[in-house]
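Spelled out, the chains give:
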Amino acid sequence: MLRVGLTGGLGSGKTFVGHALQSFGCHLIQADELGHEVLMPGGEAYDAVVAEFGNSILTAGGAIDRRALATAVFDNPGRLELLSRLVHPAVLRREEARIAEIARTEPDAIVVVEAAILIETGSYKRFDKLIVVVCDPEQQIERAMKRGGMTREEAESRIRRQLPNEDKIRVADYVVDTSGCKEHALEQARAVFESMRSGMA
């Protein structure tokens, strides 16, 4: 089995690349989805996060409003780090359980884990290969505003807090640049897949 980390800054196109790799035959695990799961009522991190951040982050139905939670930690590194400590271990356990499950049924699989801060947390060292997705900074902002519903100020602030692309590229095995058309990004993703597959032969 090949364990592959997939990361990139806000609005870089890492989810697009992840789905492309999945379409080529990789197994895709998205850390953000696992984060949703552990924050749901009954999820491993739900009680601890509500106890720490209070009922103001809850919807009328008792679910955690992720937008309200994001606002609570926005531009507050200490609170953001605390949230990560509450959520990350549970996400990691789910991630490892899914990888183990795939390994049992498909030992020669390529498993791609898509996560935003693999390099910042040092988690990238758990993987055999690392793919970094990059694009033009202005495109990052535009995509975050369009898809994430952020203001320009929010997008710029988030990007400033993330590791610069040059630092990410230094530790990458592969780089996919999504600045151009989708077809070009797909070609790059296909080349990465072929390289990883041939490396397992």
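Data block above holds the structure.
Residues numbered from 1 in each chain as written. Predicted model: local features only at pLDDT ≥ 70, side-chain atom pairs only at ≥ 80, totals over all residues. Heavy atoms only, no water.

Let's talk about the overall build of the protein
1) Next: Counting its regular elements, the protein contains 9 helices and 5 strands.
2) Next: For the protein, the N- to C-terminal ordering of α and β elements is β-α-β-α-α-α-α-β-β-α-α-α-β-α.
3) Next: Whereas a compact globule of 201 residues would reach a radius of gyration of roughly 17 Å, the protein reaches 17 Å, a difference of no more than 12%.
4) Next: Principal-axis analysis of the C-alpha atoms gives the protein an extent of 50 × 40 × 25 Å. (Helix = DSSP H or I, 4+ residues; strand = E, 2+ residues; numbered from the N terminus. Rg over C-alpha atoms; globule rule 2.2 N^0.38 Å.)

Quick notes on the pattern of salt bridges
1) Next: Under the criterion given, the structure shown has 14 salt bridges.
2) Next: Its salt-bridge partner being Glu81, residue Arg85 comes within 3.4 Å of it at the nearest N-O pair. Taken together, the residues Arg85 and Glu81, both in helix α5 (residues 77-105) and 4 residues apart, mark about one turn of the helix.
3) Next: In this structure, a network of salt bridges that share partners links the residues Arg3, Glu95, Glu96 and Arg126. (Salt bridge = Lys/Arg side-chain N within 4 Å of Asp/Glu carboxyl O.)

As for the pairing of strand β1 (residues 2-8)
1) Next: The buried fraction of β1 is high, at 7 of 7 residues.
2) Next: Bridge analysis of β1 against strand β3 (residues 110-114) gives 5 bridges, and the strand direction is parallel. Residue pairing across strands places Leu6 opposite Glu114, the latter belonging to β3. (Buried < 20%, exposed > 50% of the residue type's maximum accessible area, 1.4 Å probe, protein only. Pairing = 2+ DSSP bridges.)

Regarding the sheet that holds strand β2 (residues 27-30)
1) Next: Here 5 strands make up an open sheet; going across it, the order is β2-β3-β1-β4-β5 and the pairing parallel. Strand pairing shows two members of the sheet lacking a second neighbour, β2 and β5 (174-177), which therefore form its edges. Each neighbouring strand pair of the sheet contributes to a mean axis angle of 25°, computed without reference to strand direction.
2) Next: Here 4 bridges tie β2 to β3, and the two strands are oriented parallel to one another. (Axes fitted to C-alpha atoms, helices over the stretch in contact; angles between N-to-C directions.)

What about the pairing of β3?
Moving residue by residue along a regular strand, the side chains alternate between the two faces of the sheet.
1) Next: Burial runs high along β3: 5 of the 5 residues are buried.
2) Next: Residues Ile110, Val112 and Glu114 of β3 are buried on one face, and the alternating residues Val111 and Val113, pointing to the opposite face, are buried as well.

Looking at the nonpolar core
1) Next: If you look at the biggest cluster of nonpolar residues, it comprises 31 residues, and the most contacted ones within it are Leu39, Val49, Ile64, Leu69 and Val87.
2) Next: At the level of elements, α2 (31-39), α3 (46-53), α4 (66-73), α5, β3 and β4 (129-134) are the ones that each hand at least two residues to this core.
3) Next: A per-element tally of this core places α5 first, with 6 residues.
4) Next: When sequence neighbours within four positions are dropped, the list of residues in contact with Val87 reads Val38, Leu39, Ala45 and Val49.
5) Next: Membership of the second largest hydrophobic core comes to 19 residues, among which are Val4, Leu6, Val133 and Val176. (Core = buried A, V, L, I, M, F, W, Y, C linked by side-chain atoms within 4.5 Å. Contact = heavy atoms within 4.5 Å.)

A look at the packing of aromatic side chains
1) Next: In the structure shown here, the tally under the stated rule is 1 aromatic pair.
2) Next: When the ring centre of Phe24 is taken as reference, the NZ or CZ atom of Arg190 above it lies at 4.1 Å. (Phe/Tyr/Trp six-rings, centres within 6.5 Å; stacked < 30°, edge-to-face > 60°. Lys NZ or Arg CZ within 6 Å of the ring centre and 35° of its normal.)

Observations regarding the packing of α4 against α5
1) Next: At a closest axis distance of 7 Å, the pairing of α4 and α5 adopts a crossing angle of 130°. Here α4 is positioned oblique relative to α5, judged by the angle of their axes. For the pair α4 and α5, the contacting residues are Leu69, Ala72 and Val73 in the first and Arg79, Leu80 and Leu83 in the second.
2) Next: Of the residues belonging to the contact of α4 with α5, the class tally is 5 nonpolar, no polar and 1 charged. (Parallel < 35°, antiparallel > 145°, perpendicular 65-115°, else oblique. Nonpolar A, V, L, I, M, F, W, Y, C, P; charged D, E, K, R; others polar.)

Focus: the side chain of Ser157
1) Next: By the secondary structure assignment, Ser157 is in helix α7 (residues 152-161).
2) Next: Overall, the relative accessible area of 4% leaves Ser157 in the buried class.
3) Next: Sequence-distant contacts of Ser157, that is, excluding residues within four places in its chain, are made with Phe74 and Asp75.

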